[in-house]
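Residue-level structural notes
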Amino acid sequence: TKTAPNNGQVVGFVMYAEDCTDPKYLAQVYQMVTGQKKDGYRSAEDYAKDIKNYLENIIACMPGNVYWMDRNCVYLGCNDNSANFVGLASRKEVVGLTYKDIEKIAGWTVGHTASWKRDDLEVIASGKPKLNVEEDLSRLMPDGLPENTVILPCPYETSQMTKMVGLMSALPNPEEGPPSWLAR
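Residues numbered from 1 in each chain as written. Predicted model: local features only at pLDDT ≥ 70, side-chain atom pairs only at ≥ 80, totals over all residues. Heavy atoms only, no water.

Brief notes about helix H2 (residues 44–60)
Note the threshold: Going along the chain from the N terminus, every DSSP run of H or I of four or more residues is numbered as a helix, and every run of E of two or more is numbered as a strand. How far a helix is expected to stretch is found by multiplying one less than its residue total by 1.5 Å. Burial status follows relative accessibility: with a 1.4 Å probe on protein chains alone, a residue under 20% of its type maximum counts as buried, one over 50% as exposed, and anything between as partly exposed. Residue contacts are defined here by distance: any two heavy atoms, one from each residue, within 4.5 Å place the two residues in contact.
Across its 17 residues, H2 extends 24 Å between first and last C-alpha, which sits within 8% of the 24 Å expected from 1.5 Å per residue. Listed in full, the buried residues belonging to H2 are Tyr47, Ile51 and Ala60. The inward-facing, buried residues of H2 abut helix H1 (23–34) and helix H3 (80–86).

Topic: the nonpolar core
Condition: What makes a nonpolar core is a set of buried Ala, Val, Leu, Ile, Met, Phe, Trp, Tyr and Cys residues whose side-chain atoms join them at distances within 4.5 Å.
Judged by nonpolar contacts, the single largest core of 15 residues is most densely connected at Tyr75, Val94, Tyr99 and Ile102. Sequence-distant contacts of Tyr99, that is, excluding residues within four places in its chain, are made with Tyr67, Met69, Cys73, Tyr75, Thr113, Trp116, Lys117 and Asp120. Membership of the second largest hydrophobic core comes to six residues, among which are Leu26, Ala27, Tyr30 and Ile51.

Quick word on helix H4 (residues 99–106)
Threshold: To be clear, the arc concerns the directions from the helix axis to the C-beta atoms.
Within H4 the residues assigned to the buried category are Tyr99, Ile102 and Glu103. With its buried residues spanning 105° around the axis, H4 presents them on a single face. Set apart from the buried face of H4 by more than 90 degrees, the exposed residues are Lys100 and Lys104. Looking at the buried residues of H4, the elements they touch are strand S3 (65–69), strand S4 (75–78), H3 and helix H5 (114–126). Gly107 occupies a position one or two residues after H4 and carries a positive phi of about 80°.

Some points on the side chain of Thr113
Note that Thr113 resides in the loop between H4 and H5. Setting aside anything within four residues of it in sequence, one finds Thr113 in contact with Tyr99, Glu103 and Trp108.

Considering a nonpolar patch on the surface
Threshold: Each patch is built from residues lacking any salt bridge and having more than 30% relative accessible area; the joining distance is 9 Å for like charges and 5 Å for nonpolar side chains (Val, Leu, Ile, Met, Phe, Trp, Tyr). All accessible areas in this document rest on Shrake-Rupley with a 1.4 Å probe, and a residue is counted as covered only by the protein chains that are shown. For this document, the term salt bridge refers to a Lys or Arg side-chain nitrogen within 4 Å of an Asp or Glu carboxyl oxygen.
Side chains of Met32, Val33, Leu55, Ile58 and Met62 sit close together on the surface and give an oily, nonpolar patch of about 440 Å² of accessible area. When residues of the nonpolar patch are traced back to their parent elements, those giving at least two are H1 and H2. By the secondary structure assignment, Met32 is in helix H1.

A look at the pairing of S4
Filter applied, for reference: Pairing between two strands requires that DSSP report at least two bridges joining them.
Where S3 and S4 come together, three bridges link them in antiparallel fashion. Within S4, the residue paired with Met69 across the bridge is Tyr75. Hairpin connection between S3 and S4: a loop of five residues separates the two successive antiparallel strands, and Cys73 in this loop has a positive phi of roughly 60°.

Topic: the confidence of the model for the protein
For clarity, the cut-off: pLDDT measures how confident the predictor is about each residue, on a scale from 0 to 100.
The share of residues in the protein with pLDDT of 70 or more is 66%, and the mean pLDDT across the chain is 75. Summarising per-element confidence for the protein, the mean pLDDT is lowest in strand S1 (residues 2–3) (46) and highest in H4 (92). Counted against residues more than four places away or in other chains, residues 178–184, with its pLDDT under 50, gives one contact.

Some points on the packing of H1 against H2
We apply this condition: Working convention: axes come from line fits to C-alpha atoms, limited for helices to the stretch in contact. Angles between N-to-C directions cover 0 to 180 degrees. Put simply, angles under 35 degrees are roughly parallel, angles over 145 are roughly antiparallel, angles from 65 to 115 are roughly perpendicular, and the rest are oblique. Charged means Asp, Glu, Lys or Arg here, nonpolar means Ala, Val, Leu, Ile, Met, Phe, Trp, Tyr, Cys or Pro, and polar covers whatever is left, Gly included.
As a packed pair, H1 and H2 sit with axes 10 Å apart at the nearest point and diverge in direction by 5°. With respect to H2, the element H1 is oriented roughly parallel. Between H1 and H2, the residues in contact are Pro23, Leu26, Ala27, Val29, Tyr30, Val33 and Thr34 and Ala44, Tyr47, Asp50, Ile51, Tyr54 and Leu55, respectively. Looking at the contact of H1 with H2 residue by residue, the class counts come to eleven nonpolar, one polar and one charged.

Here it is, written out as structure tokens:
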């Protein structure tokens, strides 16, 4: 922006824009994200789908339980461990489910997920993360280890967007010592 020297009025401005739907530009973005080069001209939608699938496949393989929900605590996705934890055959089956649905699928008694939903809604409402929330999973399964949960807000304004991401990992058993990978 350029202003006149005496009275501060705007007398002109400079603008720069780049077409982010240009296939050449998207091919560069795809290569930056995935480390792979895609030849040929493709649509913006094709590149967006490929990048989304690439990132979802990384999340799918992550250890622990990873899940994300909208502002109404409706699942938008999860990793493979989360799907297995509740008895789903595929992580794709979780999309659109609620905690009430998960209780039925997993065969848990009503109310087992109430504290999870309460924590998630608190993070969504406050916009502040909850860190190191210890969950006792022995009430859900006989061999359930305590889990350490981190719940992170996602500050998007659109109701269709993710509002919360949860990460759960087993706490080490103090009698067994630190995990082998930590001792290296």
